[in-house]
Amino acid sequence: MLRNYLVLAIRNLKKRKLYSFINIFGLAIGVSVCLVILKYVDFELSYDNYHKKSENIFRTTTQYYQNGEYRGISPLSGYAQGPSLLADVPEIKTYVRTHPMYGGAVVTVKKDANDPLTFHEENLQFVDSTFLDVFTYASVYGDLNTALDNPSSVVITKKTAERYFGENENPVGKVMQVSGGWADGDYEVTAVIENVPQNSHLSFDFLFPTHNLLQNGQYKQDNGWGWNNFITYIELHTHTDVKAVETKLPAFIEKYLGKDLAESNAKSVMILQPIRSIHLSPGYNNESSPTVNTSTIYFFVVISIFILAIAWVNYINLSTARAMERAREVGIKKAVGAYRGQLISQFIFESVVVNFLAIVTAVLIAMALLPVLGRIVDKNFSFDFSDPRFWTILLGLFLFGSAVSGAYPAFVLSSFHTVEVLKGKSEKIIGGFSLRKALVVFQFASSLILIAGTFAVYRQLEFMRSQDKGLTMDQMLIVNGPSVLEQSSAKERLITLKNRLREIPGVLSVATSGAIPGGGFNWGTGMRRDGTDPEASKTGSVVWIDADFIETYGITVLSGRNFNPAITSDMQSVLVNEAALEAFGLGDPENALKERIILGGDTVAILGVLKNYHWNSLKTEHTPWLFKADTISRRAFSIHLSGTNMSEAITQVEKQYKEAFPGNPFDYYFLDDFFNKQYAADQQFGKIFGLFALLAILIACLGLWGLASFTTTQKLKEISIRKVMGASLTNIVALLANQLIKLVIIACIIALPLAWYGISNWLDSFAFRIGLAWDLLFVPVVTLAFISLATVSFQILRGANANPAKVLRSE
């Protein structure tokens, strides 16, 4: 019997090759999208799971309140927090502190005395010696138990070892020279570990002991609670009640920070964050790595379900449409004694065959799609065919798809009355026409929502890229300052280089600063207007700039003036933005010049007020931002180019830089590219959304084309009669297109409110965003209508141009 069912199934697939292709390929795309999205979701949910002790590892985070107002949450802490927690809370087994080497450093390996290997590195971390005990990393060379015990040791990743020492070479015992960082000196390689997994919230290439860092003057003069530049992790003893530990933290905060908090009318609430949840918890200030919202992850799961549903809708639609064609087959089989159960089994078996072929094709398509997704999110994805979950999902999709797509056609076809079918009355009893309309509307509505969402993401990203930032971004070349230099002559050599760069043809202006737009700040601290109580303090950001920075970046001065290096008081004053006026109650720009600000422990005058500029992403509101004067900065050179013969100008900049500071790598980039990296997560979201929207539309178009082909064939007699009666080509086209247009209109009525609601909610996460203009939905509607009409136009014209004589000659 099964052999007979298989033969019939294959025969029917061959008989209608077009419909077979649409069904199999459409289902395959739907299943492949589902597999790819589930792989992406599984990856995002797997962050930091590879640590063997992950269940017991937590990151300390602190919620801040000022005058009863919530000011945010941050993972940063002082260096004393970890040791104090270990001493005061017995449930804590050990702690680990990490501290990035802000600004990076130049690393040199003298493999050849005449040609040392030098790179500017950014991904360096200071860590406690317990780091490799708490976190799980595999050793390539060296003993991880003692690798960080010596203050002059360094642990590097495999890719770093290969870059400096070559492949398959053991670098343990070799020396790496670090310059320009927080702890310059020679460090001996004590271990090499495997590269940090992609699903880690903490990324690094170098690990240095914290010992040398804590010898830095900034920390030696601190009691361990003032400079919050560390991230503290704790490992709890096994089976410890986390909630019980958290109940002890308010007393801990009161013991060490209670007095300072009371003086400023502030409050701190410490929370233990499971390491596995860090990647899935956006909204933290000073986060060390990109995060993702779980709602975004599950949103893509919903999209995969929609796409899969669209594919199944295609199958059901085409199957029910073909039911009239197969009705006579069913009637004859019933007349010769076939049972209803046998007919149901036959049609379900056909569905099983189609779904099996679709699953096989889906795996091949998914294997091609996964690298595309990997390139979008900058990850290396691959399916693990040894994972039983993969085969479980595949089996589940196969069984569910076979049941859903086969059950309804089988039920309809097996329910035909033999006599009526053989009399040719199957069209009256087939039913399902209204269902097909409803399913097509579902496809249209789903496609419209996806098109509208893709269009909105594109518009918002384009808005953020093109919006006036309040400072010059175009043709701004950024060159990292030197790290290898003698401190005694550093200032003079930096000034000399700056002057030489100005003389290069094509260079409009040059400035130096301690940070650049999109690259953070130099100092985040509490500040307030002079004369106000300490509780009025609010957090602001400070960046050191030279006197040419404001002009080079074209920042508008609303009142006052720029720094003048010849005036001593200028170099001790600050420039503030408009956001600072409102935050600190400084009044209008002119009045603010009469005020002073208490910054940290100093009181400084306001030299000028600047129009608000976007130093950070447009996703965030303007915040108090202050510039302090510096004669010259070694962190970054901002070089504004004219745009003519830029490659030659860059060559000359490199020549002057290497002559001034030999032994330093010449690292440069353009500011607009660097600034737009802040939107990488949103760009990834838009690309993923667009990719899956395109695939959903492709599936819908395949089904629509097949359905239009079948419908047109069914209406050929009606069309021919109308043509004989004098109907024009335009009348016929309008007749065939009218039904499609009605379905598009119904889909729009259903989808537009949903799309509007979803887009509005998504845009709420941006401080500066596009408005909900009419074209945001009108363009997707026109796009859907055009795609739909273009899809069925060939079939419509085929029917309209049919020869009535050939169609009606059998009547």
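Owing to the predicted nature of the structure, the values given are computational and were not obtained by experimental measurement.

Chemist: Explain the overall build of the chain to me, please; I cannot follow it from the model alone.
Modeler: Each helix and strand counted, the chain has 27 helices and 25 strands in total. Principal-axis analysis of the C-alpha atoms gives the chain an extent of 105 × 60 × 60 Å. Burial status across the chain gives 50% buried among its 811 residues. Of the contacts formed within the chain by residues at least 6 apart in sequence, a portion of 80% connects residues at least 24 apart. Accessible area of the chain: about 36,800 Å², with a carbon and sulfur share of 56%. Mean positive and mean negative side-chain charge positions of the chain (72 and 71 charges, respectively) differ by 17 Å.

Chemist: What is the right way to read the environment of leucine 735 from this model?
Modeler: Secondary-structure assignment places leucine 735 in helix α25 (residues 729-763). Given the relative accessible area of 31%, leucine 735 is considered partly exposed. Spatially, the C-alpha atoms of leucine 735 and lysine 723 are 12 Å apart, while their sequence positions differ by twelve residues.

Chemist: For this particular structure, what's the right way to read the packing of helix α17 (residues 490-502) against helix α21 (residues 646-660)?
Modeler: Packed helix pairs are specified by the crossing angle of their axes together with the interaxial distance, meaning the distance between the axes. Direction vectors running N to C along α17 and α21 enclose 160 degrees, while the axes themselves pass 10 Å from each other. Judged by the angle between their axes, α17 and α21 are roughly antiparallel. The handedness of the crossing between α17 and α21 is right-handed. For the pair α17 and α21, the contacting residues are Arg493, Leu497, Arg500 and Leu501 in the first and Val653, Gln656, Tyr657 and Ala660 in the second. A per-class count over the contact of α17 with α21 returns five nonpolar, one polar and two charged.

Chemist: Any chance you could explain the side chain of threonine 157 here in plain terms?
Modeler: By the secondary structure assignment, threonine 157 is in strand β9 (residues 153-157). Accessibility expressed as a relative area gives 1% for threonine 157, which makes it buried. Of the polar contacts made by the side chain of threonine 157, one reaches the side chain of threonine 160; its length is 2.9 Å. Excluding anything up to four places from it in sequence, threonine 157 contacts Val192, Ile193, Glu194, Asn195, Val196, Phe204 and Asp205.

Chemist: What am I meant to see in the pattern of salt bridges here?
Modeler: If the charged atoms of two oppositely charged side chains come close together, the side chains can form a pair. Taken as a whole and assessed by the stated rule, the structure comprises 21 salt bridges. Its salt-bridge partner being aspartate 88, residue lysine 255 comes within 3.0 Å of it at the nearest N-O pair. Of this pair, lysine 255 sits in helix α9 (residues 249-263) while aspartate 88 sits in helix α3 (residues 81-88), and the two are 167 residues apart along the sequence. On the basis of relative accessibility, which here comes to 54%, the residue lysine 255 falls in the exposed class. Taking the shortest distance from any N to any O, the salt bridge between aspartate 548 and arginine 502 comes out at 2.3 Å.

Chemist: How should the pairing of strand β16 (residues 507-513) be read in this particular structure?
Modeler: Here is the key point about a regular strand: its side chains alternate between the two faces of the sheet. When you tally the buried positions in β16, you get six out of seven residues, the bulk of the element. As paired strands, β16 and strand β24 (residues 636-641) are joined by six bridges and run antiparallel to one another. Paired with valine 510 across the two strands is isoleucine 639, which belongs to β24.

Chemist: Could you clarify how one ought to interpret unusual backbone geometry in this entry?
Modeler: As a rule of thumb, non-glycine residues mostly have phi less than zero, and peptide bonds are mostly trans rather than cis. For asparagine 265, which is not a glycine, the phi torsion comes out positive at approximately 55 degrees. Within the secondary structure, asparagine 265 sits in the loop between α9 and β14 (266-274). Judged by relative accessible area, which is 42%, asparagine 265 ranks as partly exposed. Residues other than glycine seldom take positive phi values, yet asparagine 645 does so here, at roughly 50 degrees. Within the secondary structure, asparagine 645 is located in the loop between β24 and α21.

Chemist: Would you mind going over the nonpolar core with me for this structure?
Modeler: Soluble globular proteins tend to bury their nonpolar side chains together. Phe549, Tyr553, Ile555, Trp615, Phe627 and Phe692 are the most contacted members of the largest nonpolar core, which totals 102 residues. In terms of residue count, the dominant contributor to this core is helix α12 (residues 340-377) (14 residues). Other than its neighbours up to four places away in sequence, phenylalanine 549 contacts Ala511, Thr512, Ser513, Ile555, Trp615 and Phe627. Core analysis: the second largest hydrophobic core is formed by 29 residues, Tyr19, Val440, Leu740 and Val792 among them.

Chemist: What am I meant to see in the state of the cysteines here?
Modeler: Structurally, a disulfide amounts to a covalent bond that connects the sulfur atoms of two cysteines. Scanning the entire structure with this criterion turns up zero disulfides. In this structure cysteine 701 is a free cysteine whose sulfur lies 15 Å from that of cysteine 748, the closest cysteine sulfur available. Among the residues examined, cysteine 748 registers a relative accessible area of 10% and is labelled buried.

Chemist: Got a minute to help me understand the side chain of histidine 120 in this structure?
Modeler: The residue histidine 120 is located in strand β6 (residues 117-121) in this model. The exposure class of histidine 120 is buried, given its relative accessible area of 16%. Apart from the residues lying within four places of it in its own chain, the contact partners of histidine 120 are Gly103, Gly104, Ala105, Val106, Asn480, Ser483, Pro665 and Asp667.

Chemist: How should α17 be read in this particular structure?
Modeler: A rise of 1.5 Å per residue sets the reference length of α17, with its 13 residues, at 18 Å; its end C-alpha atoms lie 19 Å apart and thus fit the reference within 8%. For α17, every residue scored as buried is listed here: Ala490, Leu494, Leu497, Lys498 and Leu501. Mapping the buried residues of α17 onto a view down its axis gives an arc of 100 degrees, with all of them on the same face. Tucked into the core, α17 has its buried residues touching β16, β24 and α21.

Calculation rules
Residues numbered from 1 in each chain as written. Predicted model: local features only at pLDDT ≥ 70, side-chain atom pairs only at ≥ 80, totals over all residues. Heavy atoms only, no water. Helix = DSSP H or I, 4+ residues; strand = E, 2+ residues; numbered from the N terminus. Buried < 20%, exposed > 50% of the residue type's maximum accessible area, 1.4 Å probe, protein only. Contact = heavy atoms within 4.5 Å. Areas by Shrake-Rupley, 256 points an atom, 1.4 Å probe, with all protein chains shown as cover. Lys, Arg positive; Asp, Glu negative; His and termini not counted. Charge placed at Lys NZ, Arg CZ, Asp CG, Glu CD. Axes fitted to C-alpha atoms, helices over the stretch in contact; angles between N-to-C directions. Parallel < 35°, antiparallel > 145°, perpendicular 65-115°, else oblique. Left-handed = near helix turned anticlockwise from the far one by under 90°. Nonpolar A, V, L, I, M, F, W, Y, C, P; charged D, E, K, R; others polar. Polar contact = N/O pair within 3.5 Å; in protein donor to acceptor, adjacent residues only side chain to side chain. Salt bridge = Lys/Arg side-chain N within 4 Å of Asp/Glu carboxyl O. Pairing = 2+ DSSP bridges. Core = buried A, V, L, I, M, F, W, Y, C linked by side-chain atoms within 4.5 Å. Disulfide = S-S within 2.5 Å. Expected span 1.5 Å × (residues − 1). Arc of directions from axis to C-beta.

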